[in-house]
Amino acid sequence: MPQSATLTQDASTQAGPGRLLLGIILVGQFLAILNVNIVNVATPTIEADLHSSGAGLQMIVAGYTITYAVLLITGARVGDLFGYRKSFLTGLAVFTLTTLGAGLAPTTGVLIAFRFAQGAGAAIMLPQVMTLIQRNYQGESRAKAIGLWSAVASVGIVVGQALGGVLLGLGVGWRIIFLLLVPIGAGLLIAGFKALPRDAGGGRAGLDPAGLVTLSAAVLLFAVPLVLGRDLHWPVWGWVSMAASVAMFYAFVRVERWVTGRGGRPLIDAAVLNAPGMRPGLAVLLIGPATWGAFLFTSALHLQGDLRLSPLQSGLMMVPCAVAFAAVGMLWPRLPARLQRPLVPFGYVVAAPAYLGLGFVNGGGLPYAILSALIGAGLGVQIAVTNMATQQVDTVYAADASGALLTVMQLGQVIGVSTVGTLFMALPGGQAEMGVAVALAGMAVLAGVCSLFLVRQRAFA
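Let me begin by describing the structure that accompanies this report. (Residues numbered from 1 in each chain as written. Predicted model: local features only at pLDDT ≥ 70, side-chain atom pairs only at ≥ 80, totals over all residues. Heavy atoms only, no water.)

### Topic: the overall build of the chain
Then step 1. When its secondary structure is counted, the chain shows 20 helices and 0 strands.
Then step 2. A total of 461 residues make up the chain; the buried ones form 55% of that total.
Then step 3. Put simply, 85% of the contacts in the chain that link residues at least 6 apart link residues at least 24 apart.
Then step 4. Summed over its atoms, the accessible surface of the chain is roughly 18000 Å², and 71% of this surface lies on carbon and sulfur atoms. (Helix = DSSP H or I, 4+ residues; strand = E, 2+ residues; numbered from the N terminus. Buried < 20%, exposed > 50% of the residue type's maximum accessible area, 1.4 Å probe, protein only. Contact = heavy atoms within 4.5 Å. Areas by Shrake-Rupley, 256 points an atom, 1.4 Å probe, with all protein chains shown as cover.)

Structural data, given as structure tokens:
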């Protein structure tokens with residue numbers, strides 16, 4: 001997503017087609033982000049219908065995020081090479097078809113396969129959204145478009161679980177959470193063919209296949225044993241696989257240096273990682289979303305499994321959390337500059353005791369809803385973290401920096417679902433909620449400590 005892309009339309013021409021264009025790409029973005037968590041609330045229903053194992057449920061949740069995370073940066077390259085319009089529509093078509101396949105899946109294995117394919121389609125589609133905004137808007141129109149982009153990113157993450165509960169409350173089964181999205185995707189495709197402007201891409205060569213292969217292998221070698229380990233009684237191959245993932249991450253670093261040395265374009269340029277604030281930002285956006293993904297996954301199992309709430313009741317229980325998360329994410333930029341930096345570590349100060357409190361107040365009801373809202377408000381500062389981490393990245397690498405941060409956030413959710421989800425299912429009934437609460441509170445504290453380094457570096461710079 002080159003920052004120097006030529007604008008194809010003047011801001012004064014945005015009143016008509018500009019609104020349609022923005023609506024199409026933002027709804028596409030919303031669908032992609034929505035699918036990260038919409039399936040959480042349906043896991044108990046899927047388990048009963050497809051007789052899924054615990055590992056199978058975790059793969060249904062994490063499979064989408066794994067491919068989505070691994071291919072995000074490459075998805076941005078696809079737009080540069082083949083055109084942003086074409087890439088957005090191709091990703092949307094893949095996403096829509098695989099969503100239909102997921103809704104019709106007869107077995108757990110088939111559902112997992114379509115979830116992986118869904119993630120690939122989303123990874124091709126999503127990076128083109130910001131590029132299309134950059135190329136078609138300027139001045140005040142661009143500022144408003146980016147504001148809406150941020151709002152959709154905030155709301156889509158958390159609305160998925162609540163919306164999933166509402167849809168399941170209709171009583172027509174878990175498949176509705178996928179099948180309802182198919183006609184929306186098809187309608188976007190038709191409108192997109194007519195409204196999205198044609199382009200030739202950015203002309204920046206290089207997909208870095210060696211980097212993609214080594215990074216994908218490293219992620220899979222690490223995530224798959226975590227997901228499958230408990231049901232398979234932690235076999236030796238799982239530990240070997242996780243050890244091998246460390247070697248593969250090292251190999252990825254070496255490959256990226258080799259690509260850079262040959263004058264190629266690596267998946268993650270060293271200049272991005274060396275920018276002030278980038279490394280602590282990456283740490284915060286790995287740990288914070290890990291707590292978030294784990295919380296949403298285990299809360300659905302607890303509310304429906306232990307407390308016997310209906311999917312609708314479970315989904316509605318998360319509405320305060322979703323509202324608080326979105327409100328903080330959207331209101332943060334409007335605060336005075338002197339308050340914006342302290343807000344970030346303060347968010348994790350709020351989230352950590354709220355997570356711990358869920359171990360004591362695990363019977364649902366108003367106390368549970370209040371604590372979940374505090375968690376949502378605390379983690380709503382993650383958009384501020386993204387802004388701070390990328391603020392001093394050279395504009396030439398802005399797209400690569402955003403891709404790296406988004407990738408780390410998705411990997412964090414995979415790690416959270418895999419590790420804390422396994423802990424939840426391994427501990428006996430009364431101990432599971434407290435064990436998860438302590439783990440999530442500890443991770444939130446660690447994220448807060450990392451955010452202090454981010455705030456300090458930004459202030460120094």
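Alright, that's what it looks like, and here's the rest.
### Thoughts on unusual backbone geometry
Then step 1. Positioned with a positive phi, His51 is a non-glycine residue whose angle comes to about 55°.
Then step 2. For His51, the position within the fold is in the loop between α2 (43–50) and α3 (54–82).
Then step 3. Even without a glycine there, the phi angle at Arg308 is positive, about 60°.
Then step 4. Here Arg308 shows up in the loop between α13 (278–306) and α14 (311–317).
Then step 5. Owing to a relative accessible area of 69%, Arg308 belongs among the exposed residues under this scheme.

### A few points about the side chain of Gln128
Then step 1. By the element assignment, Gln128 lies in helix α6 (residues 127–136).
Then step 2. Overall, Gln128 belongs to the buried group, its relative accessible area being 0%.
Then step 3. One polar contact links the side chain of Gln128 to the main-chain carbonyl oxygen of Ile124, over a distance of 2.9 Å.
Then step 4. Apart from the residues lying within four places of it in its own chain, the contact partners of Gln128 are Gly75, Ala76, Gly79, Tyr84, Ser87 and Phe88. (Polar contact = N/O pair within 3.5 Å; in protein donor to acceptor, adjacent residues only side chain to side chain.)

### Side note on empty space enclosed by the protein
Then step 1. On inspection of all chains with the given rule, the structure shows 3 cavities of 30 Å³ or more.
Then step 2. Its boundaries defined by the atoms lining it, the largest cavity holds a volume of some 140 Å³.
Then step 3. In terms of lining, the largest cavity is formed by 13 residues, of which the most central are Thr298, Leu358, Tyr368, Glu433 and Val436.
Then step 4. Secondary-structure elements contributing two or more residues to the lining of the largest cavity are α13, α16 (337–358) and α20 (429–460).
Then step 5. Among the residues forming the lining of the largest cavity, the class breakdown is 8 nonpolar, 4 polar and 1 charged.
Then step 6. In this structure, the second largest cavity occupies an estimated 50 Å³ of space.
Then step 7. Taken together, Val36, Asn37, Asn40, Val61, Ala62, Thr65, Gly293, Gln413, Val414 and Val417 form the lining of the second largest cavity.
Then step 8. The set of elements that each furnish at least two residues to the lining of the second largest cavity consists of α1 (17–37), α3 and α19 (398–426).
Then step 9. When its residues are assigned to classes, the lining of the second largest cavity shows 5 nonpolar, 5 polar and no charged. (1 Å grid on protein atoms, 1.4 Å probe; cavity = no way out; pocket = protein on both sides within 12 Å on 5 of 7 lines; lining within 4 Å. Points joined across faces, edges and corners; volume = space filled by probe spheres on them. Nonpolar A, V, L, I, M, F, W, Y, C, P; charged D, E, K, R; others polar.)

### Some thoughts on the side chain of Thr74
Then step 1. Mapped onto the elements, Thr74 comes out in helix α3.
Then step 2. The residues contacting Thr74, other than those within four sequence positions of it, are Leu207, Leu212 and Leu267.

### Here we look at the nonpolar core
Then step 1. By size, the foremost hydrophobic cluster in this structure holds 110 residues, and its most contacted members are Phe88, Phe295 and Tyr355.
Then step 2. Of the residues forming this core, the biggest block, 13 residues, is contributed by α13.
Then step 3. Excluding residues within four positions of it along the chain, Tyr355 makes contact with Thr291, Trp292, Phe295, Ile375, Leu379, Ala437, Leu440, Ala441 and Ala444.
Then step 4. Within the second largest apolar cluster, 13 residues are counted, among which are Ala62, Ile73, Leu212 and Ala223. (Core = buried A, V, L, I, M, F, W, Y, C linked by side-chain atoms within 4.5 Å.)

### So, the layout of surface pockets
Then step 1. Each pocket or cavity is described by its volume, and for the second largest pocket that value is around 730 Å³.
Then step 2. Taken together, 29 residues make up the lining of the second largest pocket; nearest its centre are Leu215, Phe249, Phe252, Ile268 and Leu273.
Then step 3. Within the residue set of the lining of the second largest pocket, elements represented by two or more residues are α10 (209–228), α11 (236–261), α12 (270–273), α13 and α19.
Then step 4. Residue composition of the lining of the second largest pocket, by class: 21 nonpolar, 4 polar and 4 charged.

### Notes on a nonpolar patch on the surface
Then step 1. Side chains of Val166, Leu316, Val319 and Val323 sit close together on the surface and give an oily, nonpolar patch of about 300 Å² of accessible area.
Then step 2. Structurally, the position occupied by Val166 is in helix α7 (residues 139–168).
Then step 3. Assessed through its relative accessible area of 35%, Val166 is described here as partly exposed. (Patch = residues over 30% accessible without salt bridge, like charges linked within 9 Å, V, L, I, M, F, W, Y side chains within 5 Å. Salt bridge = Lys/Arg side-chain N within 4 Å of Asp/Glu carboxyl O.)

### With respect to α3
Then step 1. Between its first and last C-alpha, α3 extends 40 Å over 29 residues, near the 42 Å set by a 1.5 Å rise per residue.
Then step 2. Approximately 50° is the largest bend angle found in α3, and it occurs at Leu72.
Then step 3. By the criterion of burial, α3 is predominantly enclosed, with 26 of the 29 residues buried.
Then step 4. Measuring from the backbone nitrogen of Gly56 back to the side-chain oxygen at the start of α3 gives 3.0 Å, which picks out Ser53 as the cap.
Then step 5. Looking at the residues trailing α3, positive phi occurs at Gly83, about 105°. (Expected span 1.5 Å × (residues − 1). Bend = angle between axes of the 7 residues up to and from the residue.)

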